[in-house]
Amino acid sequence: MPESEIRLFLADVDGTLVTQEKVLTQRAIDAVHALHAAGVLFAVTSGRPPRGMSMLIEPLELSTPIAAFNGGLIVEPDMKVIEQKLIPEPLVKLILSLLESSGLVTWIYRGAEWYVRDPEGPHVDREAATVGFQPTVVASFESISDEVVKIVGVSDDHDAMAQANDAARDQFGDHVTAALSQPYYLDVTHPEANKGGVVKFLSSRFDIPTSQIATIGDMPNDVLMFAHSGLSIAMGNASSEVQRAARGVTTTNEDEGFANAVQRFILSPFGRPS
């Protein structure tokens with residue numbers, strides 16, 4: 001446990017806050033309300049676009065900034081942009097080419113828009129259901145290279161995903177952040193657009209030391225926020241590698257892992273009511 005009392009809890013969304021079917025359970029809602037009552041700030045970060053998290057605002061009574069695209073675009077709950085970090089324009093076509101050469105289908109997110117070339121492509125329907133809106137279908141990405149916040153490589157071939165992830169890091173180094181946000185999604189963003197950066201942003205915004213921030217997640221793109229927080233919690237459905245990077249492990253997202261983590265790791269250690 002951290003020596004300092006936790007004053008802010010930052011959660012990943014998919015695989016963490018919601019179930020596999022993207023359901024926000026009543027126990028999860030109640031847990032967030034218990035954090036509010038205990039004076040602990042609660043914030044969310046995700047590879048999703050801002051609109052893809054808007055359905056969380058009312059039930060969770062969110063008042064903190066929402067960090068979309070793994071921190072590439074940070075907005076107020078009313079969707080007013082606070083800051084955004086764009087992929088350098090000269091790299092966009094190179095990233096697309098690298099991902100596609102590994103056999104991945106590619107998507108582009110620019111501002112509030114999601115662009116695909118094949119509306120019947122892998123996981124398009126799943127993503128549309130998750131984020132609550134349909135993509136813009138284009139014949140080519142040729143004219144979409146400016147103001148790109150995130151490029152996604154999509155495949156159910158885990159070997160191809162691992163190869164593309166390694167290749168992106170090898171070829172582009174510190175010029176981008178490349179990380180899996182789901183087993184079938186490889187997110188490529190600005191080098192400072194990562195969840196570790198979200199922790200630092202919230203620390204500065206609320207004048208809270210990172211030692212008093214707790215984080216919870218399930219995927220490799222959550223490990224950077226683990227490294228920058230005083231208390232890190234991995235979901236029970238996370239890989240063993242992600243679990244080893246955290247200081248605590250909760251149950252799975254199908255077994256109320258988020259709500260259980262709030263009770264066990266955030267509220268109970270300090271005698272707060274749950």
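Please refer to the structure higher up on the page.
Heads up: these notes are all about the structure in this document. (Residues numbered from 1 in each chain as written. Predicted model: local features only at pLDDT ≥ 70, side-chain atom pairs only at ≥ 80, totals over all residues. Heavy atoms only, no water.)

Let us look at the environment of Leu 91. Tracing the sequence through the fold places Leu 91 in helix H4 (residues 89-101). A relative accessible area of 15% means that Leu 91 is categorised as buried. Along the primary structure Leu 91 and Ala 34 are separated by 57 residues, whereas in three dimensions their C-alpha atoms are 44 Å apart. Look past the residues within four positions of Leu 91 in its chain and what remains in contact with it is Phe 172, His 175 and Val 176. (Helix = DSSP H or I, 4+ residues; strand = E, 2+ residues; numbered from the N terminus. Buried < 20%, exposed > 50% of the residue type's maximum accessible area, 1.4 Å probe, protein only. Contact = heavy atoms within 4.5 Å.)

With 12 residues, helix H7 (residues 195-206) should cover 16 Å at 1.5 Å per step; its first-to-last C-alpha distance of 17 Å lies within 8% of that length. When we look at burial in H7, the residues that qualify are Lys 195, Gly 196, Val 198, Val 199, Phe 201, Leu 202 and Ser 203. The opening residue of H7, the one whose side-chain oxygen lies 3.0 Å from the backbone nitrogen of Gly 196, is Asn 194. Of the residues one or two after H7, Asp 207 is the one with positive phi, at around 55 degrees. (Expected span 1.5 Å × (residues − 1). Polar contact = N/O pair within 3.5 Å; in protein donor to acceptor, adjacent residues only side chain to side chain.)

A separate point is the sheet that holds strand E7 (residues 113-116). Reading across from one edge, E8-E7-E6-E9-E11-E10 is the order of the 6 strands in this open sheet, with mixed pairing throughout. The strands lining the two open edges of the sheet, one partner per strand, are strand E8 (136-137) and strand E10 (177-182). Both E7 and E8 contribute to a ladder of 2 bridges, which runs parallel. Among the inter-strand pairings, Val 116 is bridged to a residue of E8, identified as Val 137. Contacting strand E9 (150-154), E10 and strand E11 (185-189), helix H6 (residues 158-172) crosses the sheet at an angle of about 160 degrees to E10. (Pairing = 2+ DSSP bridges. Axes fitted to C-alpha atoms, helices over the stretch in contact; angles between N-to-C directions.)

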